[in-house]
Amino acid sequence: ETAVAELHKKIKEAFEVFDHESNNTVDVREIGTIIRSLGCCPSEGELHDLIAEVEEEEPTGYIRLEKFLPVMTRALLERRYRPIPEDVLLRAFEVLDPAKRGFLTKEELVKYMTEEGEPFSQEEMEEMLSAAIDPESNSIHYKDYITMMVVDDN
């Protein structure tokens, strides 16, 4: 019971940061940021589904705390949208690097991230490149990048 009360407090605090009118609503475009600030890493598809669950019957562009709170509490209690563990990330990069060089070129990274699976947007790609690419070699040394990503989340 106290765990749920603690979660409610954390969720409300995260929500209030974006509740600029102080009327228990936030712009729907802030929901992803709020969820990520709570340590969750949903895919775009999962985020879309969660928003659909908390939106009004007639979407207004705003999400109400009273609808968001129970859905987000359940997601946290069920430990949904957990970050991917370091070893799994490493294996994913190694699949993209069959020659086992320990790095991917910028071109390879852009190709994989924009043409495979759930493609990155231009903005997401630029954000990743600015953090991941070593400007001298114009490549990503993925072990270093993973270490940096995992440390940043804790």
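Residues numbered from 1 in each chain as written. Predicted model: local features only at pLDDT ≥ 70, side-chain atom pairs only at ≥ 80, totals over all residues. Heavy atoms only, no water.

Here we look at the side chain of E56
Then, in step 1: Structurally, E56 can be placed in the loop between α3 (44-54) and β2 (62-64).
Then, in step 2: For E56, the side chain forms a polar contact with the side chain of R64, separated by 2.5 Å.
Then, in step 3: Beyond its immediate sequence surroundings of up to four residues, E56 is in contact with R64 and K67. (Helix = DSSP H or I, 4+ residues; strand = E, 2+ residues; numbered from the N terminus. Polar contact = N/O pair within 3.5 Å; in protein donor to acceptor, adjacent residues only side chain to side chain. Contact = heavy atoms within 4.5 Å.)

Regarding the side chain of D97
Then, in step 1: Note that D97 resides in the loop between α5 (86-96) and β3 (104-105).
Then, in step 2: Judged by its relative accessible area of 1%, D97 is buried.
Then, in step 3: Engagement of the side chain of D97 in a polar contact is seen with the side chain of Y142, the distance being 2.6 Å. (Buried < 20%, exposed > 50% of the residue type's maximum accessible area, 1.4 Å probe, protein only.)

Remarks on the UniProt feature "domain: EF-hand" (unreviewed entry) in the protein chain
Then, in step 1: Those residues carrying the UniProt feature "domain: EF-hand" (unreviewed entry) are residues 6-41 and 84-119 in this numbering.
Then, in step 2: From the first C-alpha to the last, residues 6-41 spans 20 Å; its make-up is 53% helix and 8% strand.
Then, in step 3: Taken end to end, residues 84-119 is 58% helix and 6% strand, and its first and last C-alpha atoms sit 18 Å apart. (UniProt positions renumbered as here; feature names shortened; annotations may be inferred.)

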